[in-house]
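Read off the chains here:
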Amino acid sequence: FRDGQLPDLQPFDPARFRDRLHQELKNGEPRLRTSLMWQMAGGAEEKTYPYDAMQPYLSSFVSGPYDDAAFLHLRRICDAHIKHNPDSLCPIILAALKRVAEYIAAEPRSRAWSVYDMQEFLDLLTENCPQDCVLEGVALMLDYKPRIPGISGRALAGILGRYQSARAEELRARYVDALRA
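What comes next concerns the included structure. All figures in this text were calculated on a predicted structure; none of them were measured in a lab.

The rules we used
- Residues numbered from 1 in each chain as written.
- Predicted model: local features only at pLDDT ≥ 70, side-chain atom pairs only at ≥ 80, totals over all residues.
- Heavy atoms only, no water.
- Axes fitted to C-alpha atoms, helices over the stretch in contact; angles between N-to-C directions.
- Helix = DSSP H or I, 4+ residues; strand = E, 2+ residues; numbered from the N terminus.
- Parallel < 35°, antiparallel > 145°, perpendicular 65-115°, else oblique.
- Left-handed = near helix turned anticlockwise from the far one by under 90°.
- Contact = heavy atoms within 4.5 Å.
- Core = buried A, V, L, I, M, F, W, Y, C linked by side-chain atoms within 4.5 Å.
- Buried < 20%, exposed > 50% of the residue type's maximum accessible area, 1.4 Å probe, protein only.
- Arc of directions from axis to C-beta.
- Nonpolar A, V, L, I, M, F, W, Y, C, P; charged D, E, K, R; others polar.

**Considering the packing of helix H6 (residues 115–128) against helix H7 (residues 131–144)**
Then, in step 1: Two numbers describe how H6 lies on H7: the axes approach to 9 Å, and their chain directions differ by 155°. On the basis of the axis angle, H6 is roughly antiparallel to H7. Once H6 is placed against H7, the crossing between them reads as left-handed. Judged by residue contacts, Met118, Leu122, Leu125 and Thr126 of H6 engage Cys133, Val134, Gly137 and Met141 from H7.

Printed below as a string of structure tokens:
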């Protein structure tokens, strides 16, 4: 991360630093995770770090717990880079969608406001990712629907209506009742 930033210094082996960064992004204190993601998302600027520099760390981040501020910065990164990097970002967005759903489902009454975050990740997924990834996201939302009142079955039915594949048909048949509500 940032190799060659200070070329006048002796050679630096970044392996330990990179490992530590992966660990902090996954399990670090929420304030530190948020700060790291804010930096990668460009801080107060519109321009993020170069995608190639951030990409190796994003899966470590989404394997950790949900944090609303940190996940906001992840969305900024995804918004900026999804068009050119769907192969690597769509699985990250899907993992983020799962983390938000897990967080809400643990205490749905007190965490209902996070449904908006979940919807933003679902929108990123449905607008930018291939069918298999979108259908996996829809299946995830349908699995969480009984525990998260803010998930709209009708909206998910609308997403499914875009696809005529066997997997889409299977989801329509399996979740027929959930898709009506």
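We are not done yet, so read on.
**Some thoughts on the nonpolar core**
Then, in step 1: One finds Leu74 and Met118 to be the most contacted residues of the largest nonpolar core, which totals 57 residues.
Then, in step 2: The element that contributes the greatest number of residues to this core is helix H5 (residues 86–106), accounting for 11 residues.

**What to know about helix H8 (residues 153–160)**
Structural remark: α-helix, 3.6 residues per turn; residues separated by three or four positions point the same way.
Then, in step 1: Those residues of H8 that fall on the buried side of the exposure criterion are Gly153, Leu156, Ile159 and Leu160. On an axial view of H8, the arc spanned by its buried residues comes to 115°, and they lie on one face.
Then, in step 2: Those residues of H8 that are buried lie in contact with H6, H7 and helix H9 (166–174).

**Examining the packing of helix H3 (residues 51–62) against H5**
Then, in step 1: Two numbers describe how H3 lies on H5: the axes approach to 10 Å, and their chain directions differ by 30°. When the axes of H3 and H5 are compared, the pair comes out roughly parallel. Classified by chirality, the crossing of H5 by H3 is left-handed. Here Tyr51, Gln55, Leu58, Ser59 and Val62 of H3 come into contact with H5, specifically with Ser88, Leu89, Ile92, Ala95, Ala96 and Arg99.
Then, in step 2: When its residues are assigned to classes, the contact of H3 with H5 shows 7 nonpolar, 3 polar and 1 charged.

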